[in-house]
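Secondary and tertiary structure notes
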Amino acid sequence: MTAAERILDSYLEMNNHRKTPERYAILKAVYNTNGHFTLDELGEKLAGEYKFPVSRATLYNTLNLFMELRLVIRHRFQGTTKYEACYDNNSHCHQMCTVCGKVTEIRSQEISQAIDDLHLKRFRKDGFTLYIYGICSTCQAKITRQKNTWKSSKTEDNNNESR
């Protein structure tokens, strides 16, 4: 958190911007949030836990500033925009269920190593985010139950017709 605050301080001072309490409250809330969050969830957290309500426009503009400073990253998950703190955590993977939309962060040393070993022309890598799409075990179990229910009802229908 202190490193993120120093980055924000330096940027605001170098660009003659005000050091507003809103910016620092938002930064604190972002870095005290585990995982991904929406703009609305961040606003609720600020109003509830921090007793520091801010407007939606202030949240949006501040998060855009944080993205520019590489303190926050924005993700678009199946029609939903979510954010997460990313200072010193640039490289990771997300597994995303295409049925229920659940997103889980995963770490893979093999993928990180492959990206590190990748040589790109005229490009400096800072980090990566990988999205892996599929079906989570909960949704897969529901699908299997539905298929079994459908098969058993079809078998019953066939047995009734043959009588």
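First things first, this report covers the structure right here in the doc.

Side note on the packing of helix α2 (residues 21-31) against helix α4 (residues 56-68)
Two elements in contact, α2 and α4, have axes whose closest approach is 10 Å; the angle formed by their N-to-C orientations is 70 degrees. Relative to α4, α2 is oriented roughly perpendicular. Across from E22, R23, I26, L27 and V30 in α2, the residues of α4 making contact are T58, L59, T62, L63, L65 and F66.

Regarding the packing of aromatic side chains
Considering all chains together, one arrives at 2 aromatic pairs under this definition. On the numbers, 5.9 Å between centres and 75 degrees between planes, the contact of F77 with Y131 is edge-to-face. Taken together, the residues span a long stretch of sequence, with F77 in strand β1 (residues 72-77) and Y131 in strand β5 (residues 129-134) at a distance of 54 residues.

Quick notes on the environment of Y131
Judged by relative accessible area, Y131 falls into the partly exposed class, the value being 28%. With sequence-adjacent residues up to four places away left out, Y131 is seen in contact with H75, F77, H94 and M96. Of note is the side chain of Y131, whose polar atom sits 2.6 Å from the side chain of H75.

Comments concerning the sheet that holds strand β3 (residues 92-97)
Sheet architecture is open: 3 strands sit in the order β4-β3-β5, paired in mixed fashion. The open sheet has two edge strands with one neighbour each: β4 (103-106) and β5. Strand-to-strand, the axes of this sheet are offset by a mean angle of 25 degrees, without reference to chain direction. Where β3 lies against β4, 4 bridges are found, and the strand directions are antiparallel. Bridge pairing in β4 links C93 to I106.

Here we look at the side chain of K45
Along the polypeptide, K45 turns up in helix α3 (residues 39-48). Comment: no salt bridge for buried K45; closest opposite-charge side chain is E49, at 4.3 Å. Side-chain polar atoms of K45 contact the backbone oxygen of N32, separated by 2.9 Å. Setting aside chain neighbours within four positions, we find K45 in contact with A29, N32, T33 and Y50.

Topic: the pattern of salt bridges
With the rule as written, the count across this model stands at 4 salt bridges. Between K19 and D9 there is a salt bridge, with the nearest N and O atoms lying 3.8 Å from each other. You can see K19 sitting in the loop between α1 (2-14) and α2 and its partner D9 sitting in helix α1, a full 10 residues away along the chain. Using a relative accessible area of 41% as the deciding quantity, one classes K19 as partly exposed. Accessibility expressed as a relative area gives 24% for D9, which makes it partly exposed. Residue R56 pairs with D40 through a salt bridge whose shortest N-O separation is 2.4 Å. You can see R56 sitting in helix α4 and its partner D40 sitting in helix α3, a full 16 residues away along the chain. For R56, a relative accessible area of 51% corresponds to the exposed category. It is possible to trace a salt-bridge network through shared partners that takes in D9, E13 and K19.

Rules used throughout
- Residues numbered from 1 in each chain as written.
- Predicted model: local features only at pLDDT ≥ 70, side-chain atom pairs only at ≥ 80, totals over all residues.
- Heavy atoms only, no water.
- Axes fitted to C-alpha atoms, helices over the stretch in contact; angles between N-to-C directions.
- Helix = DSSP H or I, 4+ residues; strand = E, 2+ residues; numbered from the N terminus.
- Parallel < 35°, antiparallel > 145°, perpendicular 65-115°, else oblique.
- Contact = heavy atoms within 4.5 Å.
- Phe/Tyr/Trp six-rings, centres within 6.5 Å; stacked < 30°, edge-to-face > 60°.
- Buried < 20%, exposed > 50% of the residue type's maximum accessible area, 1.4 Å probe, protein only.
- Polar contact = N/O pair within 3.5 Å; in protein donor to acceptor, adjacent residues only side chain to side chain.
- Pairing = 2+ DSSP bridges.
- Lys, Arg positive; Asp, Glu negative; His and termini not counted.
- Salt bridge = Lys/Arg side-chain N within 4 Å of Asp/Glu carboxyl O.

Note that every value here comes from positions in space, so none of it alone points to a role or purpose.
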